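Geometric and topological summary
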There are 2 protein chains.
Amino acid sequence: MKASQFFISTLKEAPADAEVVSHRLMMRAGMIKKLGTGIYTYMPMGLRVIRKVEAIVREEMNRAGAVELTMPVVQPSEYWEESGRFQAYGPELLRIKDRHDRSFVIQPTSEEIVTDIARQEIRSYKQLPKNFYQIQTKFRDERRPRFGLMRGREFIMKDAYSFDRDLDSAKGSYKVMADAYRRIFDRFGLRYRAVAADSGAIGGDVSQEFQVIAATGEDAIVYCPDSDYAANMEKAEALAPTGPRPAAAKPMTRTPTPGKATCEDVAELLEVPLSTTVKSLVLATDLLDEAGEVKGAEVWLLLVRGDHDMNEIKVSKVPGLDKGFRFATTAEIEDHFGCKPGYLGPLNLKQPVRIVADREVAVMADWICGANEVDFHITGVNWGRDLPEPDAVADLRNVVAGDPSPDGKGVLAIERGIEVGHVFVLGTKYSKPMNATFLDEAGKPQFLEMGCYGIGITRLPAAAIEQNNDERGIIWPDAIAPFTVVVCPIGMDRSAEVKTAAEALYGQLLAAGVDVMLDDRGERPGAMFADWELIGVPHRVVISDRGLKEGQLEYQHRRDTAATKVSAAGIAEFIAGKLAAA
Amino acid sequence: MKASQFFISTLKEAPADAEVVSHRLMMRAGMIKKLGTGIYTYMPMGLRVIRKVEAIVREEMNRAGAVELTMPVVQPSEYWEESGRFQAYGPELLRIKDRHDRSFVIQPTSEEIVTDIARQEIRSYKQLPKNFYQIQTKFRDERRPRFGLMRGREFIMKDAYSFDRDLDSAKGSYKVMADAYRRIFDRFGLRYRAVAADSGAIGGDVSQEFQVIAATGEDAIVYCPDSDYAANMEKAEALAPTGPRPAAAKPMTRTPTPGKATCEDVAELLEVPLSTTVKSLVLATDLLDEAGEVKGAEVWLLLVRGDHDMNEIKVSKVPGLDKGFRFATTAEIEDHFGCKPGYLGPLNLKQPVRIVADREVAVMADWICGANEVDFHITGVNWGRDLPEPDAVADLRNVVAGDPSPDGKGVLAIERGIEVGHVFVLGTKYSKPMNATFLDEAGKPQFLEMGCYGIGITRLPAAAIEQNNDERGIIWPDAIAPFTVVVCPIGMDRSAEVKTAAEALYGQLLAAGVDVMLDDRGERPGAMFADWELIGVPHRVVISDRGLKEGQLEYQHRRDTAATKVSAAGIAEFIAGKLAAA
């Protein structure tokens, strides 16, 4: 491509609403253009990146035996009513009425439609397994769209859906997809981790997120540097401490802590480590009568160490809370604790509550908690001596760096990631309500076992930039750069030699199948280099009169701090070597 | 591709609502699947065709210097209010509210958005001309979606938009696009015509439709077999007759025609050719006072020969009617003609009307028209003798086969077509209301001159089928066939020789870059052949044990009535020759 035949539009400054570096750089590099909140035009420079992402995804999906189709963007809502998602989805689902007042949605994903296709098309076990995918425009009416393509409302997603005869086979299809995803993300040239994610009702190891590592990522991901273990924060297990509970050493003491309603404040006041404090979370579960009416509520007190964070997914798996729970009301709290939040604890209760201690809290001695009395805490509390053992002990908290790895092979580390892919066994979540069955060998109808597999096609470039940028701009991996090589002739309009050499090199690289850009705009060197450094083309060749006199060109990788002189005669071979090495 | 890794789903019968052959065959061949009225999933087999159409369009658009981008499907309606189309578009425009009750539309085209991009990005004449295009999902809430992909609601369209400094330059960009369109349609391998279309306010030769010739087409297209002349029916000019008006030969006679209110009935009753009758159309234009209020109306009588059809586009260009007109009310007709419709004519008027005669009517003698009296016509009417010459003479009618070609090079013929492309100079229709300007050499802002260029990507396969089918199914041109060659092994599961030969040929063709399908499903020959004839793959090779014993395979083109024996050794070369010839 020649610059004169393309569209290049760079900006010195990013708009004020661009908060993260990928958003700022995509705007400045002229890759996207905002049309409305969370709605962007993919400009020619950005579209090239997206098309390269799509091509790699398509190639690997095909290789993995998935078959491409395209489902409609506008979908009749009756299918969504069948699955129950029309009601369940909430305001993120964009709903429309057509001219005849019939109801439609704009697809955020396509489980319903693909399940409808499967229930019509798949009749026999002989047709299984089957995997359909599409790369198609989606819409989610996000409450807070932000960060450019990172969390837009309209976006492009690759969504694949597998159909299997049973859960074992579905797990096989899942593995094929997870393997394909590894190949895809390897080819993108990004640092990423496949992390175990919560798999909900299915259980087992059948949900993984693919996270591009970036300090600015929204997700915390947990991994073990000494093993393969990796999980997202929701999923990563905090093992039970292995040592025994220390013996009680201090007396239980009612201690004034005026105005100190948080563990941090209490620890500071009492000059003790935060890890000696215990924080309380009060939940409630409704008790129903035989007619399904609420006849009362049970109140729960969950305890984690003051320096730990409660993990809501783990809480939702505690027996008794796994059918649903809510935060306790102020009235319920005062009824049971005789105190308002900030000074709550498991002692001096007005009415009994169910106490669940985090594994770590269960082995603490001489700990500190609220006294159920405003401006007072209790120090030197000990299980068994001062209060009964907890009703239950469970993993309730987020892991922290240094926790032992659940696979027993070292300690955990934590880094930030951006979720760009997700593979998931769905089970019969859609096939049951939509009655999508096949006939097994015995001629008996069975529900199709499904899996779903997404890649955020338009989020991927943003994630790549969050991982690969510097003060001058973007640094694309070769595989998804808008152009792999840029040829920058200096004074092309003045020097016939430069023009001839530039056109020759351009032709040579094109013929070799290199995605090369010839900047024939006639910009001055400074502006030209700044543009391409901002846009982030990984390989640059500069052609100048001075260099040509010595028979030399200048090569610089976007990550290099200085240029390398290369003989004009050997440049094509030199570039080929660089591209092969990338 | 091997059939076992693909998805093939053919039907014996098409659903009852599939009225046209392309719809029936696309459903039966498993190319599309209906999700709702006018909304279809592109199934794997159909998507392959669409992708091939897209690839050819993209290649030629790029070659013509257009730059690809992708504009959002969901567009804030404020842009549409700026252009005035939000109000003007009517119910075909699908309107949405988001969670914050802000108004959006789903793009039917993207003039507004691309004009917004241009007004931000194009600052100087130095950046012109520019042409942006996208291949993207569109939605039109058609009143009567039908014929499958032919007139769907959701569809894929390639839409390009050019920006130029002046109308001359815009006509240059238009010509570049029209030439690219010819290359595109040539490559599709379809019989088509580029026909002149009405260019509205711009005037001149700056609008063409690309029509795929098919007997089932919705549009009548006019061409001259002896020259390049081609136009759509709206545009094709009916030349003025060259001979003089014959002299009056009959007396004017009030003739009873009881109950005969149409020219056809009158001609039959009087036993005269229909071409001796004249039919009347009564229109009205409102007269406005200085404040723009309607103060009265002028009534017009338009006359065309009884065997001719009135052309509304031509009527709208008659001086005096070119600012807008309406049908006259019954009251206006009775006030001026003293009679109800069915027996109207230019004689015996109660009040004067403006009379416009078609060019053909203006040279008629001894003609027949209504008497302005129920159940009576007048025969033997002659201009000049019985009534004054008409106030105006104009081309008011549709041409008919045999009319002289406007280029003077023969006579016109008429055939049916399906519009699959349109190129059009827009002028400043969008740039003016949206204030999209650039600075000229003098630093003065000028409105951008625009053009727009569409191709119905998903309509094209339907049009191709309407043109190319037989009782067994579709017959694809090579360029857009879902697969170019299908290898059908007979008894692949029983015969190792057949299996080996089939796999070898498949590998050989793949390596030669042929888009080949190996049907390894193990179907019986009859069912297998029927499937591929229905699907319409143009080239078929059959491999059987019997043939292999003689060292031969069977080749058959989808249009051939019988197979040709080809030596197994020479088959790849034979196929290459067939593909090169296609």
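Our subject is the structure listed above.
Right, let's walk through the structure included here. Because the structure is predicted, anything quoted here is derived from the model rather than measured.

Looking at the overall build of chain A
Along its length, chain A carries 15 helices and 31 strands. The C-alpha extent of chain A, read off along each of the three principal axes, is 95 × 70 × 50 Å. Counting all 582 residues of chain A, 54% fall into the buried class. The contacts of chain A with a sequence gap of at least 6 include a subset with a gap of at least 24, amounting to 69%. Element-wise, carbon and sulfur atoms account for 50% of the exposed surface of chain A, whose accessible area totals about 24,100 Å². In chain A, 72 side chains carry a positive charge and 85 a negative one; their mean positions are 4 Å apart.

A short note on the side chain of Thr257(B)
By the secondary structure assignment, Thr257(B) is in the loop between strand 13 (253–256) and helix 7 (263–270). Each residue touching Thr257(B), except ones within four places of it in the same chain, is listed here: Val266(B), Leu269(B), Tyr343(B), Asp375(B), Phe376(B) and His377(B).

Concerning the packing of aromatic side chains
Residue and element names in this part refer to chain A. Under the counting rule described, the total for this entry stands at 26 aromatic pairs over all chains. For the ring pair Phe6 and Phe483, a centre distance of 5.3 Å and an interplane angle of 85 degrees mean the geometry is edge-to-face. Remark: Phe483 occurs in the loop between strand 26 (473–474) and strand 27 (485–489) and Phe6 occurs in the segment before helix 1 (21–28); sequence separation between them is 477 residues. Each of the two residues, Phe6 as well as Phe483, counts as buried. The interplanar angle of 10 degrees and the centroid separation of 5.4 Å between the aromatic rings of Phe185 and Phe210 together place this pair among those described as stacked. Linking Phe185 in helix 6 (residues 167–188) with Phe210 in strand 10 (residues 207–213), this pair joins segments that are 25 residues apart in sequence.

Some details on helix 1 of chain A
Residues and elements named next belong to chain A. Taken across its 8 residues, helix 1 has 6 buried, putting it largely inside the fold. Of all the residues in helix 1, the buried ones are Val21, Ser22, His23, Leu25, Met26 and Met27. Once helix 1 ends, the next one or two residues include Gly30, with phi positive near 70 degrees.

Brief notes about the relation of the copies chain B and chain A
Think of it as a corkscrew move, a rotation about one axis and a shift along it, taking one chain copy to the other. Taken as rigid bodies, chain B and chain A are interconverted by a rotation of 179 degrees and an axial shift of 0.2 Å, the fit giving an RMSD of 0.3 Å. Given the turn and translation reported, the copies of this chain are related as if by a two-fold rotation axis. Distance from the rotation axis, computed per C-alpha, reaches its smallest value in chain B at Ile96(B): 2.8 Å. A high fraction, 100%, of the interface residues of chain B reappear at the interface in chain A, so the copies pair face to face through one surface.

Quick notes on the interface of chain B and chain A
Residue-level contacts link 57 residues of chain B with 57 residues of chain A. Both sides together, the interface formed by chain B and chain A hides about 4,700 Å², and carbon and sulfur atoms give 59% of it. Of all residues in chain B, the largest losses of buried area upon contact with chain A belong to Phe7(B), Leu35(B) and Arg99(B), amounting jointly to 15% of the total for that side. A salt bridge links Glu68(B) to Arg51(A); the nearest nitrogen and oxygen atoms lie 2.8 Å apart. Where chain B packs against chain A, one counts 22 residue pairs in polar contact (both at pLDDT 80 or more).

Some points on the sheet that holds strand 15 (residues 294–305) of chain A
Residue and element names in this part refer to chain A. Spatially, 5 strands are ordered 16-14-15-17-20 in an open sheet, and the strand pairing comes out mixed. Across the chains shown, the open sheet's two edge strands, defined by having one partner strand only, are strand 16 (326–327) and strand 20 (392–394). Bridge analysis of strand 15 against strand 17 (residues 354–358) gives 4 bridges, and the strand direction is parallel. When the bridges of strand 17 are listed, Leu302 appears paired with Val356. Across the sheet, helix 9 (residues 330–337) lies against strand 14 (278–288), strand 15 and strand 16, angled at about 75 degrees from strand 15, the strand it touches most.

Definitions and cut-offs
- Residues numbered from 1 in each chain as written.
- Chains lettered and ligands numbered in written order.
- Predicted model: local features only at pLDDT ≥ 70, side-chain atom pairs only at ≥ 80, totals over all residues.
- Heavy atoms only, no water.
- Helix = DSSP H or I, 4+ residues; strand = E, 2+ residues; numbered from the N terminus.
- Buried < 20%, exposed > 50% of the residue type's maximum accessible area, 1.4 Å probe, protein only.
- Contact = heavy atoms within 4.5 Å.
- Areas by Shrake-Rupley, 256 points an atom, 1.4 Å probe, with all protein chains shown as cover.
- Lys, Arg positive; Asp, Glu negative; His and termini not counted.
- Charge placed at Lys NZ, Arg CZ, Asp CG, Glu CD.
- Phe/Tyr/Trp six-rings, centres within 6.5 Å; stacked < 30°, edge-to-face > 60°.
- Least-squares fit on C-alpha atoms with pLDDT ≥ 70 in both.
- Buried area = accessible area lost by both parts, 1.4 Å probe.
- Salt bridge = Lys/Arg side-chain N within 4 Å of Asp/Glu carboxyl O.
- Polar contact = N/O pair within 3.5 Å; in protein donor to acceptor, adjacent residues only side chain to side chain.
- Pairing = 2+ DSSP bridges.
- Axes fitted to C-alpha atoms, helices over the stretch in contact; angles between N-to-C directions.

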